[in-house]
Amino acid sequence: MRVIIQENYEKMSLWAANFIADAINSHKGPNPFVLGLPTGSSPIGVYKKLIEMNKAGKVTFKNVVTFNMDEYVGLPHEHDQSYWYFMHDNFFNHIDIPEKNINMLNGMTDDPVKECQDYEKRIASYGGIDLFMGGIGVDGHIAFNEPFTSLSSRTGLRTLTTDTKIVNSRFFGNDPSKVPSYALSVGVGTVFDSKIVLVLINGHNKARALAHTVEGGVSQMWTCSALQMHNNAIIACDEAACGEIKVDTYRYFKDVESAERL
């Protein structure tokens, strides 16, 4: 596991955007580069940097296929809190990716089970995901895989916990009752089947989750801890998120990354 500690959110976002752009640019062969993407506040800075790089001609998304992590059940595309709307408003509408290359779960489906099974099949049809970028919640959940979700779980229907609905209520007029109770989400196993997993962790409120991810044992109570089992896992974080890791842990990762730059 690599832990990239940056001074602030801006620098963390720039590092992650550069890493993704480099991965896309170094991709060889006729097959598209397959990129997994999250929603939420953490990746917005990365999306802004990637948009700037795309407009400057530093990276193109013409041969990139994307798969998003999740979608609320019951929200149509045009709803301003659907993840389809979020992704198009914050990213897809501003880059040169073909619409046919964008894959998102349909929260309005009449058959959630089939929708999720088909999503897994579409991922497999491309040979899996090359790089999956994600964020984590304050309780360490990845996508909508709440605490105690199986670490081998696949794409499926998820029930949102009260804590998650309260956190997400800031997007719904601060009213948790307006937050959908269910979502379709890739599984922990789906994410960690990816060749590279890049997780963004920023802010003081994520410090406990970062500590469990890096220093704690692997446990379904903290689904983020599964990163420890991945051969190519990277955490990009800011100083604010490092408040609960040990000083020696902090120094170790700073030293390792400093040595690798030589």
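Everything numeric in this text was worked out from a predicted model, so none of it was measured.

## Remarks on the environment of Ala124
Link 1 in the chain: Considering the arrangement of structural elements, one finds Ala124 in helix α4 (residues 112-125).
Link 2 in the chain: We classify Ala124 as exposed; its relative accessible area is 54%.
Link 3 in the chain: The spacing of Ala124 and Ile24 is 100 residues in sequence and 19 Å in space, taken between C-alpha atoms.

## Brief notes about the sheet that holds strand β6 (residues 131-135)
Strand pairing in a sheet is mediated by backbone hydrogen bonds. Such pairs are either parallel or antiparallel.
Link 1 in the chain: Sheet architecture is open: 7 strands sit in the order β1-β10-β9-β6-β2-β3-β5, paired in parallel fashion. Two strands bound the open sheet, and with one partner strand each, they are β1 (2-6) and β5 (102-103).
Link 2 in the chain: Taken together, the 5 bridges between β6 and strand β9 (residues 196-201) define a ladder with parallel strand orientation. Counterpart to Gly134 in the pairing with β9 is Val199.
Link 3 in the chain: Packing of helix α7 (residues 207-214) onto the sheet brings it into contact with β1, β9 and β10 (233-238), and relative to β10 it is tilted by some 150°.

## Section: the nonpolar core
Link 1 in the chain: Ranked by internal contacts, the top residues of the largest apolar core, which has 44 residues, are Ile20, Leu50, Phe61, Phe91, Phe92, Leu131 and Leu198.
Link 2 in the chain: Broken down by element, the residue count for this core peaks at 9 residues, all from helix α1 (residues 9-25).
Link 3 in the chain: Excluding residues within four positions of it along the chain, Phe91 makes contact with Leu37, Tyr47, Leu50, Ile51, Phe61 and Phe86.
Link 4 in the chain: Counting 38 residues, the second-largest nonpolar core is a separate cluster that includes Phe192, Val199, Leu227 and Ala233.

## Quick look at the sheet that holds strand β4 (residues 70-72)
Link 1 in the chain: Taken in spatial order, the 3 strands make up an open sheet running β4-β8-β7, and their pairing is antiparallel. The open sheet has two free edges, formed respectively by β4 and β7 (156-159), since each of these has just one partner strand. For this sheet, the mean angle separating the axes of adjacent strands, direction not counted, is 30°.
Link 2 in the chain: Direction of pairing for β7 relative to strand β8 (residues 182-185): antiparallel, over a ladder of 4 bridges. Considered in β8, the bridge of Gly156 is made with Ser185.

## Concerning the pattern of salt bridges
Link 1 in the chain: Enumeration according to the criterion identifies 8 salt bridges in this entry.
Link 2 in the chain: Between Arg2 and Glu257 there is a salt bridge; the shortest N-O distance is 2.8 Å. With Arg2 in strand β1 and Glu257 in helix α8 (residues 247-260), this pair connects stretches of sequence that are 255 residues apart.
Link 3 in the chain: Under the relative-accessibility criterion, Arg2 is labelled partly exposed at 27%.
Link 4 in the chain: Take Glu257: its relative accessible area is 9%, and that puts it in the buried class.
Link 5 in the chain: The partner of Lys246 in a salt bridge is Glu215, with the nearest N and O atoms 3.9 Å apart. One end of the pair, Lys246, is in the loop between β10 and α8; the other, Glu215, is in the loop between α7 and β10, and 31 residues separate them in sequence.
Link 6 in the chain: Each of Glu120, Arg154 and Asp193 takes part in a single network of salt bridges with overlapping partners.

## Quick look at the environment of Ile44
Link 1 in the chain: Mapped onto the elements of the fold, Ile44 is located in helix α2 (residues 44-55).
Link 2 in the chain: C-alpha of Ile44 to C-alpha of Met87: the two residues are 43 residues apart in sequence and 9.7 Å apart in space.
Link 3 in the chain: Those residues in contact with Ile44 that lie beyond four places of it in its chain are Tyr9 and Phe86.

## Digging into unusual backbone geometry
Link 1 in the chain: The phi dihedral of Ala143 falls on the positive side, at around 55°, and the residue is not glycine.
Link 2 in the chain: Mapped onto the secondary structure, Ala143 falls in the loop between β6 and β7.
Link 3 in the chain: Ala143 gets classed as buried once you look at its relative accessible area, which sits at 9%.
Link 4 in the chain: Backbone geometry places Phe148, a non-glycine residue, at a positive phi of 80°.
Link 5 in the chain: Along the chain, the position of Phe148 falls in the loop between β6 and β7.

## With respect to the layout of surface pockets
Link 1 in the chain: Its volume calculated, the largest pocket comes out at about 700 Å³.
Link 2 in the chain: In this structure, the largest pocket is lined by 36 residues; those nearest its centre are Thr39, Gly40, Ser41, Asn168 and Arg170.
Link 3 in the chain: Sorting the residues of the lining of the largest pocket by element identifies β4, α3 (83-90) and α5 (162-168) as the ones contributing at least two each.
Link 4 in the chain: The leading source of residues in the lining of the largest pocket is α3, at 5 residues.
Link 5 in the chain: For the lining of the largest pocket, the residue count by class is 15 nonpolar, 14 polar and 7 charged.

Criteria and cut-off values
- Residues numbered from 1 in each chain as written.
- Predicted model: local features only at pLDDT ≥ 70, side-chain atom pairs only at ≥ 80, totals over all residues.
- Heavy atoms only, no water.
- Helix = DSSP H or I, 4+ residues; strand = E, 2+ residues; numbered from the N terminus.
- Buried < 20%, exposed > 50% of the residue type's maximum accessible area, 1.4 Å probe, protein only.
- Pairing = 2+ DSSP bridges.
- Contact = heavy atoms within 4.5 Å.
- Axes fitted to C-alpha atoms, helices over the stretch in contact; angles between N-to-C directions.
- Core = buried A, V, L, I, M, F, W, Y, C linked by side-chain atoms within 4.5 Å.
- Salt bridge = Lys/Arg side-chain N within 4 Å of Asp/Glu carboxyl O.
- 1 Å grid on protein atoms, 1.4 Å probe; cavity = no way out; pocket = protein on both sides within 12 Å on 5 of 7 lines; lining within 4 Å.
- Points joined across faces, edges and corners; volume = space filled by probe spheres on them.
- Nonpolar A, V, L, I, M, F, W, Y, C, P; charged D, E, K, R; others polar.

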